Amino acid sequence: MSKITNEELLNSINSKFEGKITVVGEPFGMLTIETGTDGIIELLSYLKNDPVLQFIYLTDITAVHYPEQEKAIGVLYHLHSLVNNVRIRIKVFIDAVDCHIPTATVLWNGANWMERETYDLFGVIFDGHPDLRRILNVDDMTAFPMRKEFPLEDPNRVDKKDYFFGR
Amino acid sequence: MSDIQIVGAPPGVEGAGFFATSLDQAVGLARANSLWPLPFATSCCGIEFMATMASHYDLSRFGAERLSFSPRQADLLMVMGTIAKKMAPVLRQVYLQMAEPRWVMAVGACASSGGIFDTYSVLQGIDEIIPVDVYVPGCPPRPEAIIDGFMHIQELVKTESLRRRDSPEYQKLLASYGIQ
C-alpha cells in the first residue's frame, strides 16, 4: 500500500503549482498530470526534493507522437517515490517542428541516456543536455524513426516485392 | 577394424609409385578439409551453431575442428544471426581483416535477408555489405542444414581455381562492394 494517496499527492502539488498543471486522469491508479515546458523542471525538482513526497527515482523519460494533435510530441516522465510506494506520470506536449524541452539531467544523472534515447527516436531536443547525440541507431541516420511519418519497413528489402506473391 | 574414413584422392593419373593430379585439386582438397571457420554469432542461429560444433553433430568431422576467433587466421566467415545496421561496419571490418582466399556463409533468415526484422534498424541481409558464397535458410536452421551449407562451401573450395581470386570477375565483385 502506498503511504500517500493520489489525492494527497495532488493537493501537495496544487499548493505550489495551482493553475500550472492539469490532471489527465488516474489510469490503473497512477496519477497522471500535464504541464508545460516552462515549469517542468521546477515541478520535477519539487517532487524530488519535497521532504514528504520524495520522488527520488526517475523511472523513465520517453515520448509519444500524436501526428493529429497541434502539439504532436508528448514527452513523458515517470517518477517513483520509493519511500511512499507511489508513482506519478507527467506529460508535456511540445511542437513537432520546434521540439525543445529543458533537460532533467540537472536533477538526475540517469536522465542522460533516457534523453539521448528520446532524442534518437523522436527528435526531441533537450536544452542543456551535456551530450545530446544518438544512442541506439547508427550515427549517420537522418530520420527519427519512431515518428509516425517514418515508414517502419526498410526500403532496401527486396524479397517482399509484390511480384514474388503474384500481385 | 577401424571405420575411420579418409578423404578420397582427386581425379588424376595413377601408376606404379606415382600419382599425378593438378595443383588446383590438390590444394582444393587440402583447403576444403581444413577450413577454419570464424563464428560471427549474434543470436539464436549461434545457438544452433553451438549444437553443430558439439559432440552430437560434430562439425570437426569435416576438418573444421579449429574455430578461429581471429579473422586473420580464418578461411570461412559464418554469420549467424540478426545484423543490426550499427553492427554492419564491424562485420565488414572483420571480413576485410580475413586473408584471401576467404568464404562467407550466411546462416539463417536474418543474415540472409533480414528475416522477420523488416525494420529501420536491421541490415536486410549481409550481402548488402559483403559478398556471400552460401545461404542457409531457416529460422533458425537445424544443425543438419548448417552442415549441409558447410558441405556446399567445401564443394566450392574443392573446385575453386587457384587463379579465381585474381580474375577480373572477382575484382569486379569486390569493387561492387567498395572493397579494394
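Below, the structure is looked at part by part. All residue numbers here refer to positions counted from 1 along the written sequence of the relevant chain. Chains and ligands are labelled by the order in which they are written, letters from A for the one and numbers from 1 for the other. Owing to the predicted nature of the model, reporting of local features is limited to residues with pLDDT of at least 70; listing and counting of side-chain atom pairs is limited to 80 or more, with chain, interface and lining totals taken over all residues.

Our next topic: the overall build of chain A. Of the regular secondary structure elements, chain A holds 3 helices and 7 strands. In sequence order, chain A lays out its α and β elements as α-β-β-α-β-β-β-β-α-β. Dimensions of chain A, computed from the C-alpha atoms along their principal axes, are close to 65 × 35 × 30 Å. Labels follow a simple rule on C-beta atoms placed from the backbone: if 20 or more others lie within 10 Å of a residue's own, it is buried; if 12 or fewer, it is exposed; otherwise it is partly exposed. Across the 167 residues of chain A, 23% fall into the buried class. Whether two residues are in contact is decided by their C-beta atoms, placed from the backbone, lying within 7 Å. Restricting to contacts in chain A with at least 6 residues of sequence separation, those with at least 24 account for 50%. Each helix is a run of DSSP H or I of at least 4 residues and each strand a run of E of at least 2, with the numbering of both proceeding from the N terminus.

It is worth spelling out the overall build of chain B at this point. The secondary structure content of chain B amounts to 6 helices and 6 strands. Going residue by residue from the N terminus, the α and β elements of chain B occur as β-β-α-β-α-β-α-β-α-β-α-α. All radius of gyration figures rest on C-alpha atoms, and the globule criterion is 2.2 Å times the number of residues raised to 0.38. Computed over the C-alpha atoms, the radius of gyration of chain B is 18 Å, within 12% of the 16 Å expected from 2.2 N^0.38 for a compact globule of 180 residues. Along the first, second and third principal axes, the C-alpha atoms of chain B reach 65 × 45 × 25 Å. In chain B, which comprises 180 residues, the share counted as buried stands at 30%. Sequence-distant contacts, at least 24 apart, represent 77% of the contacts inside chain B between residues at least 6 apart.

Next up on the list: the sheet that holds strand E5 (residues 103-107) of chain B. Residues and elements named next belong to chain B. Ordered in space as E3-E4-E5-E6, the 4 strands form an open sheet in which the pairing is parallel. Two strands lie at the open edges of the sheet, namely strand E3 (37-41) and strand E6 (134-136), each paired on one side alone. Taking the axes of each pair of neighbouring strands and ignoring which way they run, one obtains an average angle of 20° across the sheet. Note on definitions: angles span 0 to 180 degrees between N-to-C directions of axes, and those axes are lines fitted to C-alpha atoms, for helices only across the stretch in contact. Packing of helix H3 (residues 88-97) onto the sheet brings it into contact with E3, strand E4 (76-80) and E5, and relative to E4 it is tilted by some 165°. The rule for pairing is simple: two strands pair if DSSP sees at least two bridges between them.

Residues and elements named next belong to chain B. Contact pair helix H2 (residues 44-53) / helix H5 (residues 143-159): the axes reach a minimum separation of 9 Å and the direction vectors enclose 75°. In terms of orientation, H2 and H5 fall into the roughly perpendicular class. Residue-level inspection shows Glu-48, Phe-49, Ala-51 and Thr-52 of H2 in contact with H5, the latter providing Pro-143, Ile-146 and Ile-147. For the contact of H2 with H5, the residue count by class is 5 nonpolar, 1 polar and 1 charged. Any angle between 65 and 115 degrees counts as roughly perpendicular, while under 35 counts as roughly parallel, over 145 as roughly antiparallel, and the rest as oblique. When residue character is reported, Ala, Val, Leu, Ile, Met, Phe, Trp, Tyr, Cys and Pro are called nonpolar, Asp, Glu, Lys and Arg charged, and the others, Gly included, polar.

Attention shifts here to the interface of chain A and chain B. Each side of the interface is counted separately: chain A has 10 residues, and chain B has 10 residues. Residue composition of the side of chain A that touches chain B, by class: 3 nonpolar, 2 polar and 5 charged.

So, about the nonpolar core. Definition of nonpolar core: a set of buried Ala, Val, Leu, Ile, Met, Phe, Trp, Tyr and Cys residues joined via C-beta atoms within 7 Å. Membership of the largest hydrophobic core comes to 36 residues, with the highest contact counts inside it found for Leu-76, Leu-77, Met-78, Val-79, Met-105 and Val-107 of chain B. Of all the secondary-structure elements, those providing two or more residues to this core are E3, H2, E4, H3, E5, helix H4 (108-113), E6 and H5 of chain B. Ignoring any residue separated from it by four or fewer positions in sequence, one finds Met-78 of chain B in contact with Pro-37, Leu-38, Pro-39, Phe-40, Phe-49, Met-105 and Val-107 of chain B. Counting 31 residues, the second largest nonpolar core, distinct from the first, contains Ile-61, Val-92, Ile-101 and Leu-121 of chain A.

Our focus in this paragraph is the sheet that holds strand E3 (residues 57-65) of chain A. Whether parallel or antiparallel, the strands of a sheet pair through hydrogen bonds between backbone atoms. Residue and element names in this part refer to chain A. Taken together, 5 strands build an open sheet; the order of strands is E1-E2-E5-E4-E3 and the sheet is mixed. At either end of the open sheet lies a strand with only one pairing partner, and these are strand E1 (22-25) and E3. On average, adjacent strands in this sheet sit at an angle of 25° to one another, irrespective of strand direction. Looking at chain direction, E3 and strand E4 (residues 73-81) are connected through 8 bridges and run antiparallel. Within the sheet, the bridge partner assigned to His-65 lies in E4 and is Ile-73. Together, E1, strand E2 (31-35) and strand E5 (86-94) form the strand contacts of helix H1 (residues 6-17), whose direction differs from that of E2 by roughly 20°. Seen against the sheet, helix H3 (residues 111-122) touches E3 and E4 and runs at an angle of roughly 10° to E3.

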